[in-house]
Structures are given as C-alpha cells and as structure tokens.
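Given next are the chains, with one letter for each unit.
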Amino acid sequence: MAPFDLSSPMSRSFHARAILGPKLHDQLPNLKVLIVGAGGIGCELLKNVVLAGFGQITLLDLDTIDLSNLNRQFLFRKKDVKQSKAIVAARTASAFNPNVQIKPIHGDVKDPQFDLAWFKGFDVVLNALDNLDARRHVNKMCMAGNIPLVESGTAGYLGQVQPLLKDRTECFDCIPKPTPKNFPVCTIRSTPTQPIHCIVWAKSYLMPQLFGEDEDSTSELDEAEKQGENAQEVANLRREAQAFKSVRAALRSKDKDTSSSAAKMAFQKVFYHDILNLLSMEDMWRFRDKPVPLDFNLIQSDQFILRGQVTSAIDISADSIPRPANEVRGLDGRPNGSPVGSNGSGPSSSTKSGHGLKDQRSLTLRDNLALFALGTERLAARLTTGKEETILFDKDDDDTLDFVTAAANLRSAAYGIPGKSRWEVKEMAGNIIPAIATTNAIISGLIVLQALHLLREAFDSLRNVHAQFKPSAPLSAVKLSLPNPRCGVCRDAYAFLQCDPSRVTLAEVLEDFDDNLHRTLESLNVTKGKFLSIADEDGELEVITLPSARYRESNHPIDGPPMILPDPLPEPGQRVKSITPRPSTPPSMLPRIQKRPAPDGMDEAQPAKRARIAASSNSSPRTSRRLEEDGLILIDGDESVDEDIVVID
C-alpha cells in the first residue's frame, strides 16, 4: 500500500504543516514536552499539544478526579471519579492523535525523583499549575537547566501566559508576587496542608455530596462496563457510589433508628474508609506524612489514640506541639478527660443550643465528633420534613456552620493540621468562584503559540499575554522584560553536581568554609533534587547554585570517586548592588498599586530566597494578619473580614 501523502489536503497534518512551516512541523514528533498539571488548563493544553503534533508528551499531576471537575475538565467522565487525573487524561487524549506518545505520571513535581537531570530531558516545559510553591520549583529547575518554560494561570475571566527563558526574559521570581485575593486549591481534596484546605473541602465537597442534589452514576457505570472498561475499577466505583447512596438514604430516612445512625455512617465513610482508600495509593505518601483514619466508636469512648494523645486531650485548635491534658479545657470549662455530655457520649449543654460555640474557644477531637453528629442530625431532620430537598452552606445558617466546622476540624486532625474555632471557620468560609472553561481554553491555546515561538527561537515574537474582562480588548500582549539583575533565582550561576550525598562531605565541595565541613551532604538535606547554594559573604559575587543528583551507577565504577565536579567550574559574576531611590512622595502618601500583577492566585508573597520570618508577638494579632497567615487576604485599609474565597484552576 502506498504511503499517505502528507501534503494532501486530506492529511490530518496538512493545515498544521502549512501554518508552522515544514521545518518546525517535522521537528514536533521528536520533541519532548513536559506538561505539569492536568486540571482545567491542563486538559485543554494536553488536547492542543496532541493535535498540534508534539510526539513525545509527559503529563505529571498529583491530583485525582472529583465530581466537581467534570463541568470544565472535558477529558474526564463520571466513571473516572477518584482516579488519577494524569492517567485518565493521557488515556482519553491518546485517541485524538494515534501518532503521539503520552506518558502519564501520578506524582508531585517536587518529589526528589524529578531532579534537574530529569527536567533536562525535555525540550520545553508547560506549566498548568495552581500552586505558588510548585510554580517556583518548576521555574528554578528550568532556570538551572536553561529549559524553555511557559507559565500560565486563570482566575474567572482573567488569565495570563508568560514565556520564560534564562538570560533572555525575566523569570517567575524576578517580580515579587503581590498579596493575593485568590486561594489555590490544588491539594484540598487529597493532600491538605492548611486549615483553609480542610474548610473548603468540608463546605464545597462534603456538604454537596451528603445534602446536595443526588447525581446517579449507575447508567454511566453500566455503559463503561459494556465498553470494556477495567472491570475492577468499575466495581470499585460502584462500591463508592453505593456507599454514598446508603449514607444519603439514611440521612433522608424517616425511620428513627436509621436516621440516628446516619451521622455515624457518614463519619465512617468519609473519615475512615475514604482515608484508607487514599492510603492505598502508596506513591502519594512516599515523601509526605500519611493521614490517620479516624474511628467513631473509639473517639466517642475516649479510647482513640492520635499521635500519642487520647481523644479528650487532643486540642486540634492548638499548635502542633502537644499540650498537657490538664491545660486543655472543654466547652464547659471542665478538663477534657471528663465526659463531653451528661451521658458521656453526646454534646454538652453549651453545644446543644448551638450558640455557645460562637466564640474563640478551641475544640477537642471529641468535641468535634459530638458537633459533627449534632450538625448532621439537624440537617437530616430538615430534609425529612420535606420542606427542603437540598441544603447548601450558608455562613449565617447555624446548622451548616456547625457541620462544616466539625468536618473541617476532623479532617485537620486526620492530617495533622491545626484546627479552627467555629468563629474562625465562619470568617474563613466564603463563596467559591468556579473556574471558567472558556478562559482555560483561550489560555491553553496561547500557551502552545508561545511554546512554538520558543522552539523556533523567534524570541522577538515572544509576548506576555493577558486575558482581561474588557469586551473592547479581551487580549493584551506586551513585550517581555529583561531579567531582574537582583533576582535570587535566574541570576545565580548554576552547575550540575553529580555525587553520592551519603559519602560526600561539605569539605570536599567547598574551600575556605568553617562550619559543618565534616558533615555529609545527605545529613545537610542536600540530596537528589535539592540545591546547594554558595553565597559570597561580602555579597559582591553572584550566588553559585549546585543542583544535586546521583550519578548513574551504570556509568560510574564502584571504586570511583564519590563526586564528579562540573567541568568547567562555574565562574560567578559581580552582583548588581541594589540602590534604593529616595521617594519624592512620603511613603504614607504613595498609592497602593501593583503595576505588575501576578498571573495567578498566589498563596504567599515571599521573596525568592533569604526570606526572613518575623518574630511573633505576645499580643493578639489583628484579624487581618491572622487570616493572611491562614491563606486569606483582606483588602488594604479595611479591618472587616473578607469572607470570599476564590478557588482557581
């Protein structure tokens, strides 16, 4: 059979070849591209990259699919819920172009296995992240390896695409990121690390699943089974759906015995069985602390041990440092070793009214269990009356606020995160603004365009593109700025250090250094994927940063040296000294305007390196300062609490 003529108008690549030109188009099948993130932007981006003709694609994402993703992440279906985003997206997108190879990885881009040597295996990196820390990590890896990077982000109708290339453009850390008004929610569902993650999870995921509209997935699972989908995965999804259906039925049952056990069923499903399912994904917990499944009966009987403390002694609103049991007080002022209620299992009298919790008093694990049961029973009673078919969160609704407070604190306890009081939860829980699929589609298309400019080395064509809420000018494009000469990331001198961190000492790497010379790099936490930065004490020379990587044992003799120094050795240049201009206007009169807004919802405004941690004060902090530490930001000049939380893709 004669080979198909690629120049024919019938060829799937005819138009792409005409637009890109024969040279670049013929290179695409051999180019290696890394896409970090398979969410709202990532799904659209993967589709574009596949259809453009990129031949070797690696897709990396840590998250799993949730039901709320399906309205905008079109590569997923209901039968895919709870599965890896990267794996499902790669399987779906492979059908768009049979000539591409997509390698999905369910993992964290900051894991040590994804070191600089791994990053240098790609021709271009495309970011589709919603997390500041991960963005900065990828930026540093690309600056260290001189790898082209395209950064992106969306928030509602707004979006930005920014191509980054070492020594030619500013990097992600060249501009300090302003204090955000948006909150990223990359790890809310699977790996929460902050109290706000647990609060948003309780309000936006758990409440709708238990008290929202019933979304029956039986027909879709039947169809998936007919189409030959993995039988074991379909069976697991059926069990998952059936478990939630049983809990929902119990919450709506008018039978007194069934309704009284509904709270326990919901608790065991969410805080015990679901956590066990997450723990079965061993790769997710290779480099982070595992959550602890909670047991309803053991907590209620004060026999549950969590991180060395019994239930009544666990003040989850306290700091991570354990407090003695006699310093922790319950809702009624008694030591938590005594029963919470009159019968030892129910809520105390101050809990029953629902009004005794509206202050800053901290709650123990046992208190939160009682509050969860009470809130669940009250919400279930409202459903059984028939007056309400569904119940949504309202910060002024005591029942929903009690439920979200307890659920968030229980999840915090399972993950080792400090909890919050009922009043703090009310301050932090607000309306979540959903991402817009159209914005994601526009931004993903612009990402590919900028990536093509980088690959063809058309540097004069690179643009920083903004999608804005202006009908007369929905897109704006500006030329890229040069690197910030005082940037602590892209202005460093990088050199690749191959070594065995368990054998190499600091003295073998550095000269004229006095401290810790006898210690190995491993003992200093300079292991695979980490960076060793060497700074001039006088600050006159640029910082030398050595990305650490293990040498390949197959290419290195057993009796060989434990370290291979870079050749040639890096030569640091003169550091540009910072000059602070004298302001012509008193600081108090300067407007609070950011001329270069960040492209995304950043959760912290920190310098790239040498960050200083302000000393804590013994006095009570302002509400705004406390909320900023928790990830929520207030508008300058307003002492009132901003109750909106914006979740972006």
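Cut-offs and rules
- Residues numbered from 1 in each chain as written.
- Predicted model: local features only at pLDDT ≥ 70, side-chain atom pairs only at ≥ 80, totals over all residues.
- Heavy atoms only, no water.
- Helix = DSSP H or I, 4+ residues; strand = E, 2+ residues; numbered from the N terminus.
- Buried < 20%, exposed > 50% of the residue type's maximum accessible area, 1.4 Å probe, protein only.
- Contact = heavy atoms within 4.5 Å.
- Areas by Shrake-Rupley, 256 points an atom, 1.4 Å probe, with all protein chains shown as cover.
- Expected span 1.5 Å × (residues − 1).
- Bend = angle between axes of the 7 residues up to and from the residue.
- Pairing = 2+ DSSP bridges.
- Axes fitted to C-alpha atoms, helices over the stretch in contact; angles between N-to-C directions.
- Parallel < 35°, antiparallel > 145°, perpendicular 65-115°, else oblique.
- Left-handed = near helix turned anticlockwise from the far one by under 90°.
- Nonpolar A, V, L, I, M, F, W, Y, C, P; charged D, E, K, R; others polar.
- Disulfide = S-S within 2.5 Å.
- Salt bridge = Lys/Arg side-chain N within 4 Å of Asp/Glu carboxyl O.
- Right-handed = clockwise from strand over helix to strand, strands pointing away.
- Phe/Tyr/Trp six-rings, centres within 6.5 Å; stacked < 30°, edge-to-face > 60°.
- Lys NZ or Arg CZ within 6 Å of the ring centre and 35° of its normal.

A. Broad picture of the overall build of the chain. Tallying secondary structure elements over the chain gives 19 helices and 17 strands in all. Relative to its full complement of 649 residues, the chain shows a buried share of 50%. Taking as baseline every contact in the chain between residues at least 6 positions apart, the subset at least 24 positions apart corresponds to 68%. Surface accessibility of the chain: about 32400 Å² in total, with carbon and sulfur atoms responsible for 51%.

B. How the structure looks around helix 11 (residues 262-279). Over its 18 residues, helix 11 extends 25 Å from the first C-alpha to the last, a length consistent with the 26 Å expected when each residue adds 1.5 Å. Maximal helix bending in helix 11 amounts to about 30 degrees, located at Lys269. Those residues of helix 11 that fall on the buried side of the exposure criterion are Ala262, Ala263, Ala266, Phe267, Gln268, Lys269, Val270, Phe271, Asp274, Ile275 and Leu278.

C. A look at the sheet that holds strand 4 (residues 124-127). Taking strand neighbours across the sheet as the criterion, the eight strands line up as 3-2-1-4-5-6-10-11 in an open arrangement whose pairing is mixed. Bordering the open sheet on either side are strand 3 (101-106) and strand 11 (475-478), each of which pairs with just one other strand. Going across the sheet, the axis of each strand differs from the next one's by a mean of 15 degrees, ignoring polarity. Bridge count for strand 5 (residues 149-155) against strand 6 (residues 158-164) is seven bridges, and the pairing is antiparallel. Its bridge partner lying in strand 6, Val150 is registered against Pro163. Across the sheet, helix 6 (residues 132-145) touches strand 4, strand 5 and strand 6, and the angle it forms with strand 5 is around 165 degrees. Sheet contacts for helix 17 (residues 437-455): strand 4, strand 5, strand 6, strand 10 (464-467) and strand 11; angle to strand 5, the most-contacted strand, approximately 165 degrees.

D. How the structure looks around the packing of helix 11 against helix 14 (residues 365-384). Where helix 11 contacts helix 14, the axes come no closer than 9 Å and their chain directions differ by 120 degrees. One element, helix 11, and the other, helix 14, form an angle in the oblique class. In the crossing of helix 11 with helix 14, the sense of the turn from one axis to the other is right-handed. Contacts from Ala263, Ala266, Phe267 and Phe271 in helix 11 reach Leu369, Phe372, Ala373 and Thr376 in helix 14. Residues that form the contact of helix 11 with helix 14 fall into these classes: seven nonpolar, one polar and no charged.

E. Quick look at the state of the cysteines. Enumeration over the complete set of coordinates arrives at zero disulfides. Counting only cysteine sulfurs, Cys487 is the nearest neighbor of Cys171, a cysteine outside any disulfide, at a range of 3.6 Å.

F. Geometry of the environment of Leu51. Note that Leu51 resides in helix 3 (residues 40-52). Expressed as a C-alpha distance, the spacing of Leu51 and Asn99, which sit 48 residues apart in the sequence, is 9.9 Å. Non-local contacts of Leu51, meaning those with residues more than four positions away in its chain, are made with Arg12 and Phe96.

G. Quick look at the environment of Pro474. When you line up the elements, Pro474 lands in the loop between strand 10 and strand 11. Given a relative accessible area of 44%, Pro474 falls into the partly exposed group. Once the C-alpha coordinates of Pro474 and Tyr157 are considered, the two residues, 317 residues apart in sequence, prove to be 9.5 Å apart. In contact with Pro474, not counting residues within four places along its chain, are His466, Ala467 and Gln468.

H. Representation of the pattern of salt bridges within the structure. Taken as a whole and assessed by the stated rule, the structure comprises 19 salt bridges. Asp26 serves as the salt-bridge partner of Arg17, at 2.6 Å between the closest nitrogen and oxygen. Salt bridges here are not isolated pairs; linked through shared partners, they connect Arg378, Arg382, Glu388, Asp397, Asp398, Asp399, Asp402 and Arg422.

I. Geometry of the pairing of strand 4. Every second residue of strand 4 is oriented toward a common face, with Val124 and Leu126 on one face and Val125 and Asn127 on the other, all of them buried. Examined bridge by bridge, strand 1 (residues 32-36) and strand 4 share four bridges and lie parallel to one another. The partner of Val36 across the bridge, within strand 4, is Asn127. Across two bridges, the pairing between strand 4 and strand 5 is parallel. Each bridged residue has a counterpart across the sheet, and for Val125 the counterpart in strand 5 is Leu149. Between strand 4 and its parallel partner strand 5, the chain crosses via helix 6, and the hand of that crossover is right-handed.

J. Focus on the pairing of strand 6. Burial of strand 6 is extensive: six of the seven residues sit out of reach of the surface. Adjacent in sequence and paired antiparallel, strand 5 and strand 6 are bridged by two residues, among which Gly156 carries a positive phi angle near 65 degrees. Examined bridge by bridge, strand 6 and strand 10 share three bridges and lie antiparallel to one another. Residue pairing for strand 10: Gln160 is matched across the bridge by His466.

K. Seen up close, the packing of helix 9 (residues 231-251) against helix 11. Across the interface, helix 9 lies against helix 11 with an axial gap of 8 Å and an inter-helix angle of 160 degrees. With respect to helix 11, the element helix 9 is oriented roughly antiparallel. Classified by chirality, the crossing of helix 11 by helix 9 is left-handed. Across the interface between the two elements, Glu240, Ala243, Phe244, Ser246, Val247, Ala250 and Leu251 from helix 9 touch Ala262, Met265, Ala266, Lys269, Asp274 and Asn277 from helix 11. Taken together, the residues that form the contact of helix 9 with helix 11 break down as eight nonpolar, two polar and three charged.

L. Expanded view of the packing of aromatic side chains. For the structure shown, the criterion picks out eleven aromatic pairs. Consider the rings of Trp118 and Phe122, whose centres lie 5.0 Å apart with planes at 75 degrees: the pair is edge-to-face. No difference in accessibility class separates Trp118 from Phe122, as the two residues are buried. Considering the side-chain rings of Phe211 and Phe403, the 5.3 Å spacing of their centres and the 85 degrees angle between planes classify their relative orientation as edge-to-face. Residue Phe211 is located in helix 7 (residues 195-211), and its partner Phe403 is located in helix 15 (residues 398-415); the two are separated by 192 residues in the primary sequence. This pair shows no difference in class: Phe211 is buried, exactly as Phe403 is. An aromatic cluster of at least three residues, connected via ring pairs, comprises Trp201, Phe211, Phe267, Phe271, Phe296, Phe372 and Phe403. In this structure, Arg411 is placed above the aromatic ring of Trp201, and the distance from its NZ or CZ to the ring centre is 4.2 Å.

As far as function goes, none of this settles anything; it's purely spatial.
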